[in-house]
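# Geometric and topological summary
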There are 2 protein chains.
Amino acid sequence: MVNEKIPDKDIIAKIKSIMPEDEFLYDLADLYKVFGDTTRIKILYVLFESEMCVCDIAQLLGMTQSAISHQLKVLKQSKLVKYRREGKTVFYSLADDHVRTIIDQGVEHIEE
Amino acid sequence: MVNEKIPDKDIIAKIKSIMPEDEFLYDLADLYKVFGDTTRIKILYVLFESEMCVCDIAQLLGMTQSAISHQLKVLKQSKLVKYRREGKTVFYSLADDHVRTIIDQGVEHIEE
DNA sequence: TGAACCTATGAGCAATGGTTCATATGTATT
DNA sequence: AATACATATGAACCATTGCTCATAGGTTCA
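What comes next is a walk through the structure. (Residues numbered from 1 in each chain as written. Chains lettered and ligands numbered in written order. Predicted model: local features only at pLDDT ≥ 70, side-chain atom pairs only at ≥ 80, totals over all residues. Heavy atoms only, no water.)

### A few points about the side chain of A:D96
Among the secondary structure elements, A:D96 is positioned in the loop between β3 (89-94) and α6 (98-111). Within the buried core, A:D96 has no salt-bridge partner, and the shortest N-O distance to an opposite charge, that of A:K82, equals 8.9 Å. A polar atom in the side chain of A:D96 sits 2.8 Å from the backbone nitrogen of A:H98. Within polar-contact distance, the side chain of A:D96 engages the side chain of B:H109 at 3.4 Å. For A:D96, the residues in contact, after removing those within four places along its chain, are A:K79, A:L80, B:H109 and B:E112. (Helix = DSSP H or I, 4+ residues; strand = E, 2+ residues; numbered from the N terminus. Buried < 20%, exposed > 50% of the residue type's maximum accessible area, 1.4 Å probe, protein only. Lys, Arg positive; Asp, Glu negative; His and termini not counted. Salt bridge = Lys/Arg side-chain N within 4 Å of Asp/Glu carboxyl O. Polar contact = N/O pair within 3.5 Å; in protein donor to acceptor, adjacent residues only side chain to side chain. Contact = heavy atoms within 4.5 Å.)

This is how it looks when you write it as structure tokens:
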């Protein structure tokens, strides 16, 4: 019997034309990796409500200052949070609205 | 000098009321972890265009059948893809529209 | 300048993750 | 039943990751 599942050549061509560059896909995957950790998600939930300094986030989440600082660095590198310095204290806040949208879509998917 | 950065009690209360349960946050993080790998993202891009069987996805992406099958299992567990069997062949396709939305938001964030 | 405080960072360790390899399961055909 | 083909899966291996610990960098105030 003939193999009837030969993929359509047009579809193959379209997929190849639409598939982003590897470099772009790495960046994309790296962005999602940032959301793939509960500590970082908790930090984002905190920042949904208010800007906050490192030590307060740490206390609120019951974690060490070091652990939070390390994760804020990751969030900062992905441009998901920004910060401002006020004396000794550094206040972190959300960088833009995509954070909220991405989280909301994830929540929607989970809650179905 | 008095510490002027004492976090507002109302904000603390609000954050605690809004913060989801740990179990939920684990599920959420697990969902994003799925998007945090280029192989899985590539598979999703393929399925944006058409349902496809395991061996064709493998060939299209230049990877082994085993590697693709393992990753499809992950995507299946997260309910991001569904499948139908036709004889020896198993066709995979996207489960719902959240996949597209989540990817699109990520792309938007990257491209800024 | 020295002390106190807040934050950042590098090294090390345990846990997790993605691929390969070998093999099992499932289906169709003869 | 036997063979061939498509897919699934478990174990092993190497790479990555999140935390801790110790410590460095920066800022303020006396």
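Text resumes after the structure shown.
### Concerning the pairing of strand β2 (residues 81-86) of chain A
Of the strand pairs in this sheet, β2(A) and β3(A) are connected by 6 bridges, and their pairing is antiparallel. In the strand pairing of β3(A), A:Y83 is matched with A:Y92. (Pairing = 2+ DSSP bridges.)

### Overview of the packing of aromatic side chains
Aromatic rings considered in pairs are described by the distance between their centres and by the relative angle of their planes. Going through the model one piece at a time under the given rule, you end up with 6 aromatic pairs over all chains. Between A:Y32 and B:F35, the aromatic rings sit 5.2 Å apart at their centres with planes inclined by 45°, giving tilted as the arrangement. Within this pair, whereas A:Y32 is found in helix α2 (residues 22-35), its partner B:F35 is found in helix α2 (residues 22-35), the two belonging to separate chains. Residues A:Y32 and B:F35 agree in their burial class; the two are buried. Consider the rings of B:Y45 and B:F48, whose centres lie 5.3 Å apart with planes at 70°: the pair is edge-to-face. Remark: B:F48 and B:Y45 occur in helix α3 (residues 38-49); sequence separation between them is 3 residues, near one turn of the helix. Both residues of the pair, B:Y45 and B:F48, belong to the buried class. The aromatic ring of A:F48 is capped on one face by A:R100, whose charged end is 4.1 Å from the ring centroid. (Phe/Tyr/Trp six-rings, centres within 6.5 Å; stacked < 30°, edge-to-face > 60°. Lys NZ or Arg CZ within 6 Å of the ring centre and 35° of its normal.)

### Some words on the state of the cysteines
The bond known as a disulfide is covalent and runs between the sulfur atoms of two cysteines. Residue and element names in this part refer to chain A. In this structure the tally under the stated criterion is 0 disulfides over all chains. The thiol of C53 is unpaired, and the distance to the nearest cysteine sulfur, on C55, comes to 3.5 Å. Classification of C53 by relative accessible area gives buried; the value is 1%. (Disulfide = S-S within 2.5 Å.)

### A word on the relation of the copies chain B and chain A
Mapping chain B onto chain A leaves a residual RMSD of 0.0 Å; the transformation is a rotation of 180° accompanied by 0.0 Å of translation along its axis. The symmetry that links the two subunits is that of a two-fold axis. By residue overlap, the copies meet face to face through one surface: 100% of the interface positions of chain B are interface positions in chain A. (Least-squares fit on C-alpha atoms with pLDDT ≥ 70 in both.)

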